[in-house]
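Chains, contacts and geometry: an overview
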Amino acid sequence: MAQPLFRAPVGTRDLLPPESGRRRRLVSVFADLADRSGFGLLESPIFEELGVFQRLGASNDVVTKELFEFFDKGDPPRHLALRPELTASVCRAFAEHRPTPPWKIWYSGPQFRYERPQAGRYRQFDQVGVETLGTDDPHADVEVIGLGLRFYEALGMKQVRLLVNSLGDSESRPSYVAALAEYLRSRHGELSDQARLTLERNPLRVLDSKREQDQPVIAAAPVMADFLSGASAEHFAAVRAGLDSVGAAYEISPRLVRGLDYYTRTTFEFAADALHTAQNAVGGGGRYDGLVEELGGPPAPGIGFALGVDRILMACDAEGAFAAAPAPVEVFVVDTAGGHSAAVLCDRLRQAGLGVDRAFDGRSMKAQMKRADRSGATVAAIVGPDEQAEGAVTVRDMRPGGGQRRVAEAEVVAVVTELLEGAD
RNA sequence: GUGGCCGUAGCUCAGUAGGUUAGAGCGCCGGGUUGUGGUCCCGGAGGUCGGGGGUUCGACUCCCCUCGGUCACCCCA
């Protein structure tokens, strides 16, 4: 293979049409849903001061090993990092601007994590998400979770399951973690080496182990539900009741743990059953009642989710949903006359709001017609020497059995529009 | 960071128990007489077989290194 001089860096890729257009449509479906639910768009920087992300958890790989960090040219240099997720940025923005709560925000964009790529995992990846800050009303949880569910539905996905759990608050969580750690230590000998390491860093995360060996131990582990404080249990019950009221199907997943340390109380995950890869979580989120404060802001509880665009699209492929489609071309302009006729014609048709493409390089009529066909255009507008001489255009219906006729330039838009109206 | 598998034309792949000019399909370009696509037919361009080193009379085929891809662990969306 002739080796290209450069290629996209490891874990990144170029998104070409029509796939790129499909992603854009996905975001616009999400944007529409978020807008209609009272969420406004937050566009935050792609990089932040390192400290913004260090609150995500000292035991967390995302912070300790996977950050793309760098220094700028300041004096002294500032220590910055490409954002590995967006919740921290949203909280930082909240702490910085002090908007009136509840602050309901949606976002989309690239995020960066230095990991070994694998199915559904890239170093640069896209997420869409929402966050509601400044309220711990269980109905805020219900609204956020419901929005996620409706989004998958809007894409035509059917095989997405919602898993929910509560991690408890600052009172109940520590006692659970202590009990869990004690239990895990009692079965230390049965755990994998990896799980033992995880146990020392963050006992909760052991519940996430995918190793066969750990499964029996995990299955018998104590569950958070038994350790919830009265207030947390009540909050969780209200969230569940709310979900029931809007007909949102969910499963209680007592051992569901989120990756980032800031989560409290409600946690949830969207699992794509169509995906048989290791990464079948197409989205996840939860409550993070202390994060804003940790970033120097006022006490402000929050809840949100992030949905992985790449994984969602993989799941769509597996389900046959939300297919990619090339940008629609309605009219293809064929020009064998030379001069500016084709340019003028294209411009006129586009000004009329039509989707128009054309050929270049003065190729043969046959070649241009072939292009017209491949473009998927319903109509070909042909300008050759004859047409040019009489100020006319040949309008050809490209559909099987479609005919053609020569019309005056001034009538082209009307004739084409009429043909297209009969197209559907 | 650890491990498995893979790396031949733009794409999807075939090929070689090591031996003359490396193949197919799709795509691309041209043509099938007199300006017109979708089917069909003919022709053509395009590959130093990821890169480097080694073994050999000779390697795309064997060995080593390296880069890249892919999948899994870890981590997470």
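These notes cover the structure that comes with them. (Residues numbered from 1 in each chain as written. Chains lettered and ligands numbered in written order. Predicted model: local features only at pLDDT ≥ 70, side-chain atom pairs only at ≥ 80, totals over all residues. Heavy atoms only, no water.)

Observations regarding the sheet that holds strand β3 (residues 69-71)
- As summarised here, the arrangement of the three strands in space is β2-β4-β3, forming an open sheet in which the pairing is antiparallel. A single partner strand is all that each edge strand has here, and the edge strands are β2 (47-49) and β3. Taken pair by pair, the neighbouring strands of this sheet meet at an average axis angle of 35°, ignoring direction.
- The pairing of β2 with strand β4 (residues 79-82) spans three bridges and is antiparallel. Its bridge partner lying in β4, E49 is registered against L80. (Pairing = 2+ DSSP bridges. Helix = DSSP H or I, 4+ residues; strand = E, 2+ residues; numbered from the N terminus. Axes fitted to C-alpha atoms, helices over the stretch in contact; angles between N-to-C directions.)

A few points about the protein's contact with RNA strand B
- The environment of RNA strand B is made up of 60 residues, and the closest members are R113, R121, R211, M365 and R374.
- At the protein interface, 61% of the atoms of RNA strand B within 4 Å belong to sugar or phosphate.
- Here a base oxygen of RNA strand B sits 3.0 Å away from a polar atom, N or O, in the side chain of R116.
- The separation between a base oxygen of RNA strand B and a polar side-chain atom of R406 is 2.8 Å.
- A total of eight residues in the surface near RNA strand B trace back to one element, the largest contributor, which is helix α14 (residues 365-375).
- A breakdown of the residues in the surface near RNA strand B according to their chemical character gives 19 nonpolar, 17 polar and 24 charged. (Near = heavy atom within 4 Å. Polar contact = N/O pair within 3.5 Å; in protein donor to acceptor, adjacent residues only side chain to side chain. Nonpolar A, V, L, I, M, F, W, Y, C, P; charged D, E, K, R; others polar.)

Observations regarding the packing of aromatic side chains
- Tallied over the entire structure, the rule returns 11 aromatic pairs.
- With 5.6 Å between their ring centres and 75° between their planes, F47 and F70 make a pair best called edge-to-face. Here the residue F47 occupies a position in strand β2, and F70 occupies one in strand β3, the gap between them amounting to 23 residues.
- Relative to Y114, the ring of F68 has its centre 5.5 Å away and its plane inclined at 75°; by these criteria the two rings are edge-to-face. Of the two residues, F68 is situated in the loop between α3 (61-64) and β3 and Y114 in the loop between β5 (103-112) and β6 (124-133); the sequence distance between them amounts to 46 residues.
- On the accessibility criterion, Y114 (44% relative accessible area) is partly exposed.
- Ring pairing ties together the aromatic residues F30, W106, F151, Y152, F268, F270 and F305, which thus form one cluster.
- The ring centre of F322 lies 4.6 Å from the NZ or CZ of R25, which sits over that ring.
- Across the ring face of Y114, the terminal group of R123 is positioned such that the distance to the ring centre comes to 3.8 Å. (Phe/Tyr/Trp six-rings, centres within 6.5 Å; stacked < 30°, edge-to-face > 60°. Buried < 20%, exposed > 50% of the residue type's maximum accessible area, 1.4 Å probe, protein only. Lys NZ or Arg CZ within 6 Å of the ring centre and 35° of its normal.)

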